[in-house]
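In case you want the letters, here they are:
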Amino acid sequence: MGGFYWIASYPKSGNTWMRLLLASLIDGGAPLDFSRPVGFAPSAASPSDMDLFLDVESSELTPVEQTELRHDLALAVAAATAEPQYRKVHDRWGHSPSGRPLFPPAATLGSIYLVRDPRDVAVSWAHHSGTTLDEAIDFLGRPGAVVAAAGKWRDQFEQRVDSWSAHVASWLAAEPVPLVVAYEALSADPLRVLAQVAIHCGLSASADTLAGAVEATRFARLQQQERIDGFELGQKAGRRFFRRGIAGGWRDTLSHAQANRIVRDHGAMMERLAYDTGV
Amino acid sequence: MQHEDLAICGLRVRSDLALPELLPWTADARGVDLVIELGDVPDRVSGAAETHPLIQVSADGTCRFAMPEVAAFLVSPDGRAVTVAPSPGATEADIRVFLLGTVFAIVCQRRGLLTLHACCVRAGSKAVAFAGDSGVGKSTLAARLRARGHALLTDDVTVVDMEAPGGPLVLPTFPRLKLWRDALESLGHTVDGAGAIRPGLDKYQLPLDDGFCNTPLPLAALVRLDGNRKAPEGLRLLDAVQGLGELGKVLYRPRLMLRLGTQARQMAQFLRLLSFVGGLRTLRRPETMAGWSEVEALLPVLAD
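This structure is a prediction, so every number in the text was calculated from the model and none was measured.

1. Regarding the overall build of chain A
Reasoning step 1: Within chain A, the regular secondary structure consists of eleven helices and six strands.
Reasoning step 2: For 279 residues, the compact-globule estimate of 2.2 N^0.38 gives 19 Å, and the C-alpha radius of gyration of chain A, at 18 Å, lies within 12% of that figure.
Reasoning step 3: In terms of principal-axis extent, the alpha carbons of chain A reach across some 50 × 45 × 35 Å.
Reasoning step 4: Out of the 279 residues belonging to chain A, those deemed buried represent 56%.
Reasoning step 5: Across chain A, every contact between residues at least 6 apart in sequence was considered, and the portion connecting residues at least 24 apart equals 71%.
Reasoning step 6: Both charge centroids of chain A, one from 27 positive and one from 32 negative side chains, sit 6 Å from each other.

2. Thoughts on the side chain of Gln159 of chain A
All names here are of chain A.
Reasoning step 1: Within the secondary structure, Gln159 sits in strand S5 (residues 159–160).
Reasoning step 2: The class for Gln159 is buried, based on a relative accessible area of 1%.
Reasoning step 3: Of note is the side chain of Gln159, whose polar atom sits 2.7 Å from the side chain of Gln156.
Reasoning step 4: For Gln159, the contacting residues outside a window of four places in its chain are Ala45, Arg70, His90, Asp91, Ala145, Val146, Val147 and Ala148.

3. A look at unusual backbone geometry
Reasoning step 1: Cis geometry marks the peptide bond from Glu175 of chain A to Pro176 of chain A; its omega dihedral reads -5°.
Reasoning step 2: We note that Asp55 of chain A has phi near 60°; this positive angle belongs to a residue other than glycine.
Reasoning step 3: Mapped onto the elements, Asp55 of chain A comes out in the loop between helix H2 (47–54) and helix H3 (63–80).
Reasoning step 4: Assessed through its relative accessible area of 0%, Asp55 of chain A is described here as buried.
Reasoning step 5: Look at Glu69 of chain B: it is not a glycine, yet its phi comes out positive at around 70°.
Reasoning step 6: Among the residues examined, Glu69 of chain B registers a relative accessible area of 68% and is labelled exposed.

4. A closer look at the nonpolar core
Reasoning step 1: Grouped together as the largest cluster of nonpolar side chains are 93 residues, with contacts concentrated most on Trp164 and Trp171 of chain A together with Phe65, Met67, Phe73, Val82 and Phe104 of chain B.
Reasoning step 2: Broken down by element, this core gets its largest block of residues, eleven residues, from helix H1 (residues 92–110) of chain B.
Reasoning step 3: Core analysis: the next-biggest nonpolar cluster, separate from the first, contains 33 residues, Ile7, Val193, Leu194 and Phe231 of chain A among them.

5. Re the interface of chain B and chain A
Reasoning step 1: Contact residues are listed per partner, giving 29 residues for chain B and 24 residues for chain A.
Reasoning step 2: Counting the surface lost from both chain B and chain A, the interface buries some 2200 Å², and carbon and sulfur atoms represent 51% of this.
Reasoning step 3: Taken as a group, Trp180, Lys230 and Arg255 of chain B account for 26% of the area that chain B buries against chain A, more than any other trio of residues on that side.
Reasoning step 4: The tally of links from chain B across to chain A stands at six salt bridges.
Reasoning step 5: When the shortest N-O distance is used, the salt bridge between Glu65 of chain A and Arg198 of chain B registers 2.7 Å.
Reasoning step 6: Linking chain B with chain A are 18 residue pairs in polar contact (both at pLDDT 80 or more), by the criterion used here.
Reasoning step 7: Listed by contribution, the elements that provide at least two residues to the side of chain B that touches chain A are strand S6 (63–67), H1, strand S15 (176–180) and helix H6 (256–260) of chain B.
Reasoning step 8: Considering each element in turn, the side of chain B that touches chain A owes the most residues, three residues, to H1 of chain B.
Reasoning step 9: Among the residues forming the side of chain B that touches chain A, the class breakdown is 14 nonpolar, five polar and ten charged.

6. Structural notes on the pairing of strand S2 (residues 84–89) of chain A
Residues and elements named next belong to chain A.
Reasoning step 1: Across the six residues that make up S2, a large majority, five, are buried.
Reasoning step 2: Pairing analysis gives six bridges linking strand S1 (residues 3–9) to S2, with the strands arranged parallel. The residue of S2 that forms the bridge with Ile7 is Lys88.

7. As for the environment of His189 of chain B
Residues and elements named next belong to chain B.
Reasoning step 1: Looking at the element boundaries, His189 is found in the loop between helix H3 (181–186) and strand S16 (203–207).
Reasoning step 2: Spatially, the C-alpha atom of His189 lies 44 Å from that of Arg44, the residues being 145 residues apart in sequence.
Reasoning step 3: When near neighbours in sequence (up to four residues on either side) are disregarded, His189 contacts Leu184 and Leu206.

8. Comments concerning the side chain of Asp72 of chain A
Reasoning step 1: By the secondary structure assignment, Asp72 of chain A is in helix H3.
Reasoning step 2: For Asp72 of chain A, a relative accessible area of 13% translates into the label buried.
Reasoning step 3: Not counting the four nearest positions on each side in its chain, Asp72 of chain A is found in contact with Arg100 of chain A together with Pro53 of chain B.

9. Focus: the packing of aromatic side chains
Reasoning step 1: Under the defined criterion, the tally for this structure stands at 16 aromatic pairs over all chains.
Reasoning step 2: Between the aromatic rings of Tyr5 of chain A and Tyr86 of chain A, the centroid separation amounts to 5.2 Å while the plane-to-plane angle is 25°, which identifies the pairing as stacked. Highlighted residues: Tyr5 of chain A in strand S1 and Tyr86 of chain A in strand S2, separated in sequence by 81 residues.
Reasoning step 3: Here Tyr5 of chain A falls in the buried class, since its relative accessible area comes to 9%.
Reasoning step 4: Here Trp125 of chain A and Phe139 of chain A contribute two aromatic rings whose centre-to-centre distance is 4.9 Å and whose plane-to-plane angle is 15°, an arrangement assigned as stacked. Of this pair, Trp125 of chain A sits in helix H4 (residues 118–129) while Phe139 of chain A sits in helix H5 (residues 133–140); the two residues are 14 residues apart in sequence, bridging distant segments of the chain. Across the pair, exposure class does not vary: Trp125 of chain A and Phe139 of chain A are buried alike.
Reasoning step 5: Members of the aromatic cluster, connected to one another through ring pairs, are Phe4, Trp6, Phe103, Tyr113 and Trp171 of chain A.
Reasoning step 6: Between the NZ or CZ atom of Arg116 of chain A and the centre of the ring of Tyr183 of chain A, over which it lies, the distance is 3.8 Å.
Reasoning step 7: Sitting over the ring of Tyr252 of chain B, Arg253 of chain B keeps its end group 4.5 Å from the ring centre.

Rules of the game
Residues numbered from 1 in each chain as written. Chains lettered and ligands numbered in written order. Predicted model: local features only at pLDDT ≥ 70, side-chain atom pairs only at ≥ 80, totals over all residues. Heavy atoms only, no water. Helix = DSSP H or I, 4+ residues; strand = E, 2+ residues; numbered from the N terminus. Rg over C-alpha atoms; globule rule 2.2 N^0.38 Å. Buried < 20%, exposed > 50% of the residue type's maximum accessible area, 1.4 Å probe, protein only. Contact = heavy atoms within 4.5 Å. Lys, Arg positive; Asp, Glu negative; His and termini not counted. Charge placed at Lys NZ, Arg CZ, Asp CG, Glu CD. Polar contact = N/O pair within 3.5 Å; in protein donor to acceptor, adjacent residues only side chain to side chain. Core = buried A, V, L, I, M, F, W, Y, C linked by side-chain atoms within 4.5 Å. Buried area = accessible area lost by both parts, 1.4 Å probe. Salt bridge = Lys/Arg side-chain N within 4 Å of Asp/Glu carboxyl O. Nonpolar A, V, L, I, M, F, W, Y, C, P; charged D, E, K, R; others polar. Pairing = 2+ DSSP bridges. Phe/Tyr/Trp six-rings, centres within 6.5 Å; stacked < 30°, edge-to-face > 60°. Lys NZ or Arg CZ within 6 Å of the ring centre and 35° of its normal.

The structure is reproduced here in structure tokens:
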């Protein structure tokens, strides 16, 4: 009996960075190879797992059936595998239509929850999805928001992210409690944060391995590798995936009114996470 | 309710459920091979060995598959009878998706047939199969080849008779292609003329009409479509070990054999199939006119 480590976040909050760090860490701190798809920690909303482990054609299921069966899928995969399974998650923590947990505690070995200042998330989401900043701010504030809306992408089920505040609240109350990693802390001291993550995931790693993984995922290096080999992960066609990778970049991008709107929408949760809500 | 007998993969089918996808049975007057009846299906089959959310297999090999709110199905150990218990509110289209998918794969495995996750196109007097995961572009490729005048034997599932005297024989399924709206429209069809495979789903059935090859043909080649855009160009032959490693991407519902206990036979059949067709080949999935033309040009080579 194996189980899952869920690498969870609202979109554009450092999820891919964390997965690349772990991919390198598990590979002994080796450099990453973008000339082939990064296979580590595929999406928990990928149809291929469901096709394989539940013996159905998941693309012919309704969105409700897909969501419902994700609970069963997690248990079935955990029962059928011995090694820990890592999956990327953008869903909010929650339940299937019939009330069963989407990420069953019984199949969960641990969770990493990445969180980022919503003002930076909004800027990054606008770039990634090809919307205006105001549309991105609307999206962050929208209750019940989904990504990969039914039938939009063939390689992912619809995922309910909810509003940014509700997403964070759901994962802070998840069972078992996740290790919360702030993008800003990861950015400031990746070595220290990665060491914590490794311990949470039961991975033993030498100082050299940790340093190698941090080196392999320096932002300038990821940007350079993207320029050479490309990196497609759902961003609008023709856009870079690794855009800027800094904390606080919103200050030179958002207007006062836009920043204020995000604080108005999400101030309570921002303060709970100790983000400075001043502009 | 008595419908005329139908044909799928060379089997004579008598069904309580209407199966408009299937052609009528027109061959010899032999007995019925597969009976599909409406009836009660127990919630549990006795002595089910494995815990699976949708599938139970009893000690005698009876297999129960159920999709909540659609139907429960019971397949006899010899694969000659299927009992269907529809859920209240389920449409016949909903039920057929699972009956002609997972349930028919169970029937085939019980009857000793090999099921590949592949579409299959006629190339001269032989068949060439293109395999791969869902979404890799099998049906789109099939539709493109059909539009260029190549007849199809199967769309998503290719059933192979490994006991045929001349080697692996592809058994035609039924004259329909399943396509997403964008693929259908890019081929110049509209969704108005095609029925959605299930109410509310954006996937449609395209009738093949005279583009269907209803004659079993020997399998000449097996090509796995690789969805990785960074894969090398051109057709590549995998060695035997690599070929075996692709088992899960080439067999239809590859873990079903573990539930049914048929893995020894299925694995042996797959190895024999690879040997007959000269190994597994891979090809980066074609996505452009040039790509489809390349595949078309390869057909005579692959069938040779």
